[in-house]
Amino acid sequence: MRQAGRYLAEYRKIRAEVGSFLDLCYSPEHATEVTLQPIRRFGFDAAILFSDILVVPHGLGQEVRFVEGEGPKLSPIRNAAEMSGLSLTGMQSTSGPLEPVYEAVGRIREALPAETALIGFAGAPWTVAAYMVEGGTSRDFHAIKSWALTDPDGFGQLIDMLVAATVEHLSRQVSAGADAVQIFDSHAGVLPDGAFEKWIIEPTARIVAGLRGTHPDVPIIGFPRGAGLRYADYVAKTGITAVGLDSVVPVTWARDALQSKLPVQGNLDPVYLLAGGTKMLDAADRILDALGDGPMIFNLGHGVIKETPPEHVTALVEHVRARTA
Ligand code: 1CP
């Protein structure tokens, strides 16, 4: 969960040298370096590719910028007619705009120790569409929800395009050396009941099936953040290999309803990592007490907060390693 990033001085140094965030994502040399930094410092079991979910809209032809201190800015697409500037051609070509990302994957796999897994990733269609339709980060998701709930056929065209682009994007990462992939549906929790199946579960199931067509055995981790009780349906119907738990899912429920079926990942609230000390270690213990006897990947429930002292990460890793040795 954002193991690379601004909480690390070595990241800030590279970021300042390269300039813009997207330039960093598209520089194989520098993206490789910042992916390896947390592995060198903390010795995690897996690295996650340094990239962003918004390279896909960029690959489809939408204007994407990252404004310092404000986050992503996109030229919003609010109806099917406004999709005319988008095309799958770049994503499907072997000389498209995302080639530097796949080159980085190959370089990272080569540089990592054999026992360290490399995780590739993409945003799920709903979450990526949220940025494409809202034009950036949103608080209430009114624009995308209005389009999806009132014009499902038109909105479905955008989702269909994102399903195809995501299968391509993940498949290329696996071909280049990713050992597993994660599908981030960070905004899955904002849909009303009834729409979750159509815009979260179905597109994810199609991506899983599509990726299994080219890479039958690659582990696929799904992360439907905020899904609540609908986690159970998501696990039953998407075909994912493992599921990422957000920080609000009760761990004993997750153990009984989910971990009995597949490995779970999560779910320490990043605020504990920011706080450090015994509060952090106690919170980690509660997760390990509930989930430690079944298949699990210890992780955060969301991204590392930028003010987090790196020493807290070191202390957490030592604690979890000692308990699971
Ligand atoms: O200026 C900087 O250096 C940018 C901060 C940053 C970083 C480090 C952004 C901007 N993206 C990233 C990298 C990133 N993004 C990774 C890298 C790998 C790692 O974990 O080390 C990953 C997996 C993502 C995925 C991502 N991007 C998600 C899904 C996961 C999540 O956090 O929910 C989302 C929603 C984004 C969009 C995004 N990227 C960046 C920003 C500021 C945002 C908007 C976030 C929001 O709307 O709140």
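Visitor: I keep staring at the overall build of the chain and nothing clicks. Help me out?
Guide: Across its full length, the chain carries 15 helices and 9 strands. Taking 2.2 N^0.38 as the reference for a compact globule, 325 residues should give roughly 20 Å; the C-alpha atoms of the chain span a radius of gyration of 19 Å, in line with that estimate. Reported as C-alpha extents along the three principal axes, the dimensions of the chain are approximately 55 × 45 × 40 Å. Each of the 325 residues in the chain was classed as buried or not, and the buried ones make up 54%. Partitioning the intrachain contacts of the chain with sequence separation of at least 6 by distance along the chain shows that 70% fall at a separation of at least 24. Total accessible area computed for the chain in this model is approximately 13,700 Å², and 52% of it derives from carbon and sulfur atoms.

Visitor: Got a minute to help me understand the sheet that holds strand S8 (residues 264-268) in this structure?
Guide: Hydrogen bonds between backbone atoms are what pair the strands of a sheet, whose relative direction is either parallel or antiparallel. Reading across from one edge, S1-S4-S5-S6-S7-S8-S9 is the order of the 7 strands in this open sheet, with parallel pairing throughout. If you trace the sheet from one side to the other, it starts and ends with strand S1 (46-48) and strand S9 (296-300), each paired once. For this sheet, the mean inter-axis angle between neighbouring strands, taken without regard to orientation, is 25 degrees. Bridging between strand S6 (residues 220-224) and strand S7 (residues 242-244) involves 2 bridges; their strand directions are parallel. Directly across from Ile 221, in S7, lies its bridge partner Ala 242.

Visitor: Whenever I open this one, the packing of helix H1 (residues 9-18) against helix H3 (residues 28-42) confuses me. Can you help?
Guide: Two numbers describe a pair of packed helices, the interaxial angle and the distance between the axes. Close contact between H1 and H3 brings their axes to 10 Å; oriented N to C, the two are set at 170 degrees. Relative to H3, H1 is oriented roughly antiparallel. Contact with H1, carried on its side by Glu 10, Tyr 11, Ile 14 and Val 18, involves His 30, Glu 33, Val 34, Gln 37 and Arg 41 of H3 and no other residues of that element. The residue inventory of the contact of H1 with H3, partitioned by class, reads 4 nonpolar, 2 polar and 3 charged.

Visitor: Looking at this model, I keep getting lost on empty space enclosed by the protein. Mind explaining?
Guide: Using a probe with the size of a water molecule, rolled over the atoms, empty space left in the structure can be pinpointed. Under the defined criterion, the tally for this structure stands at 1 cavity of 30 Å³ or more. In this structure, the largest cavity encloses a volume near 30 Å³. Residue lining of the largest cavity: Gly 90, Met 91, Ser 93, Gly 96, Pro 97, Leu 98, Glu 99 and Tyr 102, and that is the complete set. At the level of secondary structure, the elements contributing two or more residues to the lining of the largest cavity comprise helix H5 (89-92) and helix H6 (99-111). Of the residues contributing to the lining of the largest cavity, the split by class is 4 nonpolar, 3 polar and 1 charged.

Visitor: Just checking my understanding: could you explain the site of the ligand for this structure?
Guide: Around the ligand sit 22 residues in total, of which Arg 2, Tyr 11, Tyr 131, Ser 186 and His 302 are the nearest. Interatomic distance of 2.7 Å between a side-chain N/O atom of Asp 52 and a nitrogen atom of the ligand. One of the side-chain N or O atoms of Tyr 131 is found 2.5 Å from an oxygen atom in the ligand. Across the complex, the protein chains shield 89% of the 900 Å² of accessible surface that the ligand would expose by itself. Spatially, the ligand is embedded in the largest pocket.

Visitor: Please explain the layout of surface pockets as it appears in this structure.
Guide: When its volume is computed, the largest pocket comes out at roughly 1,300 Å³. For the largest pocket, the lining is made up of 37 residues, of which Arg 2, Arg 6, Phe 21, Asp 52 and Phe 66 are closest to its centre. Elements supplying a minimum of two residues to the lining of the largest pocket: H1, strand S2 (64-67) and strand S3 (71-74). Here the residues of the lining of the largest pocket sort into 19 nonpolar, 10 polar and 8 charged. Estimates place the volume of the second largest pocket at around 860 Å³. In terms of lining, the second largest pocket is formed by 35 residues, of which the most central are Phe 44, Asp 45, Ile 297, Phe 298 and Asn 299. Put simply, the parts of the chain that give the lining of the second largest pocket at least two residues each are S1, strand S4 (117-123), strand S5 (180-185), S9 and helix H15 (310-324). If you tally residues by element for the lining of the second largest pocket, the top one is H15, at 6 residues. Among the residues making up the lining of the second largest pocket, the classes are represented as 24 nonpolar, 8 polar and 3 charged.

Conventions adopted
Residues numbered from 1 in each chain as written. Predicted model: local features only at pLDDT ≥ 70, side-chain atom pairs only at ≥ 80, totals over all residues. Heavy atoms only, no water. Helix = DSSP H or I, 4+ residues; strand = E, 2+ residues; numbered from the N terminus. Rg over C-alpha atoms; globule rule 2.2 N^0.38 Å. Buried < 20%, exposed > 50% of the residue type's maximum accessible area, 1.4 Å probe, protein only. Contact = heavy atoms within 4.5 Å. Areas by Shrake-Rupley, 256 points an atom, 1.4 Å probe, with all protein chains shown as cover. Pairing = 2+ DSSP bridges. Axes fitted to C-alpha atoms, helices over the stretch in contact; angles between N-to-C directions. Parallel < 35°, antiparallel > 145°, perpendicular 65-115°, else oblique. Nonpolar A, V, L, I, M, F, W, Y, C, P; charged D, E, K, R; others polar. 1 Å grid on protein atoms, 1.4 Å probe; cavity = no way out; pocket = protein on both sides within 12 Å on 5 of 7 lines; lining within 4 Å. Points joined across faces, edges and corners; volume = space filled by probe spheres on them. Near = heavy atom within 4 Å. Polar contact = N/O pair within 3.5 Å; in protein donor to acceptor, adjacent residues only side chain to side chain. Sits in = over half its atoms within 2 Å of the grid points.

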